Amino acid sequence: MPHAVDFEAVSTAGLESSPVAAALAGLRANEARYFKNKYDHVFTVEPASDATSTVDWVHRILDEERGIVISSRPLEATAFQVENIRMAYVFYESGLSINVMYTVEESGKRAVGFKLSEGMDVPEELGAFKFARQKSKLAGTIRGSYFVIKNEY
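Everything numeric in this text was worked out from a predicted model, so none of it was measured. (Residues numbered from 1 in each chain as written. Predicted model: local features only at pLDDT ≥ 70, side-chain atom pairs only at ≥ 80, totals over all residues. Heavy atoms only, no water.)

Engineer: For the sheet that holds strand S1 (residues 3-4), give the residues involved together with the corresponding values.
Structural biologist: The strands that make up a sheet are held in pairs by hydrogen bonds between backbone atoms, and each pair lies either parallel or antiparallel. The antiparallel open sheet is built from eight strands, whose spatial order is S1-S2-S3-S4-S5-S6-S8-S7. Of all strands in the sheet, those with a lone pairing partner are S1 and strand S7 (132-136), marking the two edges. Looking at chain direction, strand S3 (residues 74-82) and strand S4 (residues 85-92) are connected through eight bridges and run antiparallel. Note that in S4 the partner of Gln81 across the bridge is Arg86. Sitting on the sheet, helix H1 (residues 21-39) touches S1, strand S2 (44-47), S3, S4, strand S5 (96-103), strand S6 (110-116), S7 and strand S8 (140-148), and the angle it makes with S4 is about 165 degrees. Sheet strands touched by helix H2 (residues 52-66): S3, S4, S5, S6 and S8. Its angle to S4, the strand with the most contacts, is close to 95 degrees. (Pairing = 2+ DSSP bridges. Helix = DSSP H or I, 4+ residues; strand = E, 2+ residues; numbered from the N terminus. Contact = heavy atoms within 4.5 Å. Axes fitted to C-alpha atoms, helices over the stretch in contact; angles between N-to-C directions.)

Engineer: How would you sum up the pairing of S4? Please name residues and give values.
Structural biologist: For S4, a buried count of seven out of eight residues is recorded, marking the element as mostly surrounded by other parts of the structure. Hairpin connection of S3 to S4: two residues between the antiparallel strands, including Glu83 at a positive phi of 50 degrees. Here S4 runs beside S5; their pairing, made up of seven bridges, is antiparallel. Its bridge partner being in S5, Met87 is matched across the sheet by Met101. (Buried < 20%, exposed > 50% of the residue type's maximum accessible area, 1.4 Å probe, protein only.)

Engineer: Got a sec to walk through the pairing of S2? Specific residues and values, please.
Structural biologist: Examined bridge by bridge, S1 and S2 share two bridges and lie antiparallel to one another. Residue pairing for S2: His3 is matched across the bridge by Val45. Summarising the sheet, S2 and S3 pair through two bridges and their orientation is antiparallel. Among the inter-strand pairings, Glu46 is bridged to a residue of S3, identified as Ala77.

Engineer: Quick one: what's the story with the layout of surface pockets, residue by residue and with numbers?
Structural biologist: For the largest pocket, the calculated volume is near 470 Å³. Every residue lining the largest pocket is counted, 24 residues in all, and those nearest its centre are Tyr34, Tyr89, Asn99, Met101 and Lys115. Mapped by element, the contributors of at least two residues to the lining of the largest pocket are H1, S4, S5, S6 and S8. Here the lining of the largest pocket is composed, by residue class, of 13 nonpolar, six polar and five charged. (1 Å grid on protein atoms, 1.4 Å probe; cavity = no way out; pocket = protein on both sides within 12 Å on 5 of 7 lines; lining within 4 Å. Points joined across faces, edges and corners; volume = space filled by probe spheres on them. Nonpolar A, V, L, I, M, F, W, Y, C, P; charged D, E, K, R; others polar.)

As far as function goes, none of this settles anything; it's purely spatial.
Rendered as structure tokens:
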């Protein structure tokens, strides 16, 4: 069942099996706050098992664009559109968050973003990426990277 992510009272609900559940919950709340403030969008997530089309779409892009297969188990996912941007997020047990930003217009920006929760190591499958650090009141230190999507999905 989908539920709205509360960025004021951060909860680990749905993420309890992660060894960095509190940090991952903060990362998820950080994303919820961003979309509420920028687009007035309520960020909702559901168990990955109920969002297989979203998880499959993200995994297809990773595989076809870069040959990346994520070894961690997906816990939660969401897909939505704000303005002309199709968004998808998958939150993984390891503490990894992957998002796809896919502008509807052909000439628009399209990218895959990776964010690592505080306390987790860089997954082996993402070892080729350089990660920049950013501070978040909700998530502590977030490490992030991305790549540009070249094909149509």
